[in-house]
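These are the residues of each chain, in order.
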Amino acid sequence: MGSLDRVDLELLSALADDHRATVVALADRLGLSRNTVQARMLRLERSGVFHSYERAMSTKALGLPIEAMVSVMVRQADLPRITTAIAEIPEVVQAHGMSGEVDLLVRVVARDTQHLFDVDARILAIEGVERTETSLVMGEVIGYRVRPLLEVSSRDPALREAARRES
């Protein structure tokens, strides 16, 4: 995507304030027509600005109150197959490929510590997984957020130019 202009940043800021806002509510808030907001949203969506429309849900509500981060070290040649196998484990809610000593950082949820032990064992049983290290999540101290980035980006033309070059 090309660089985000002032209207794009205002639209994204309004969405950061209220991610459930309707197109009509956003148009009213920003003083724009509904069609303008709808067209901008479509352009932002097509350019990959939005990651997902999946609603974030509490895994605690599903009976899975324990969350852990599993660092997974693998044989590099097997990484694509291992990633596919890990994706088949329902308790895996997210995974990231990493640089450095850890190859994958996998976020998992479980009913209790025995269930967590079993989930870890399923990951370890995948051929090519050499080792795991599991750390319990004690609590989220900073949730996923973009508001501070939007504020900085709206004031810093160099950041907007860098974003334009990256797209």
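Everything below is about the structure printed above this text.
Everything quoted here is computed from the prediction, not taken from an experiment.

Draft legend 1. Representation of the pattern of salt bridges within the structure. For the structure on display, the rule yields 14 salt bridges. Arg 75 is the partner of Glu 127 in a salt bridge, and the nearest nitrogen-oxygen pair spans 3.9 Å. Highlighted residues: Glu 127 in the loop between α5 (113-124) and β4 (129-136) and Arg 75 in the loop between β1 (66-74) and α4 (79-87), separated in sequence by 52 residues. Residue classification places Glu 127 among the exposed residues on the basis of a relative accessible area of 57%. Across the salt bridge formed by Arg 131 and Glu 133, the nearest N and O atoms sit 2.6 Å from each other. On the accessibility criterion, Arg 131 (35% relative accessible area) is partly exposed. Since its relative accessible area comes to 43%, Glu 133 is described here as partly exposed. Within the structure, one salt-bridge network assembled from shared partners comprises Asp 5, Asp 8, Arg 40 and Arg 43.

Draft legend 2. Region of interest: the side chain of Arg 40. With respect to the helices and strands, Arg 40 occurs in helix α3 (residues 34-46). Apart from the residues lying within four places of it in its own chain, the contact partners of Arg 40 are Asp 5, Val 7, Asp 8 and Leu 11.

Draft legend 3. Representation of the environment of Leu 105 within the structure. The topology assignment puts Leu 105 in strand β3 (residues 104-110). With a relative accessible area of 24%, Leu 105 lands in the partly exposed category. A C-alpha to C-alpha distance of 9.1 Å links Leu 105 and Met 73, two positions 32 residues apart in sequence. Those residues in contact with Leu 105 that lie beyond four places of it in its chain are Met 69, Val 70, Ser 71, Gln 94, Ala 95, His 96 and Met 98.

Thresholds, definitions, all that
Residues numbered from 1 in each chain as written. Predicted model: local features only at pLDDT ≥ 70, side-chain atom pairs only at ≥ 80, totals over all residues. Heavy atoms only, no water. Salt bridge = Lys/Arg side-chain N within 4 Å of Asp/Glu carboxyl O. Helix = DSSP H or I, 4+ residues; strand = E, 2+ residues; numbered from the N terminus. Buried < 20%, exposed > 50% of the residue type's maximum accessible area, 1.4 Å probe, protein only. Contact = heavy atoms within 4.5 Å.

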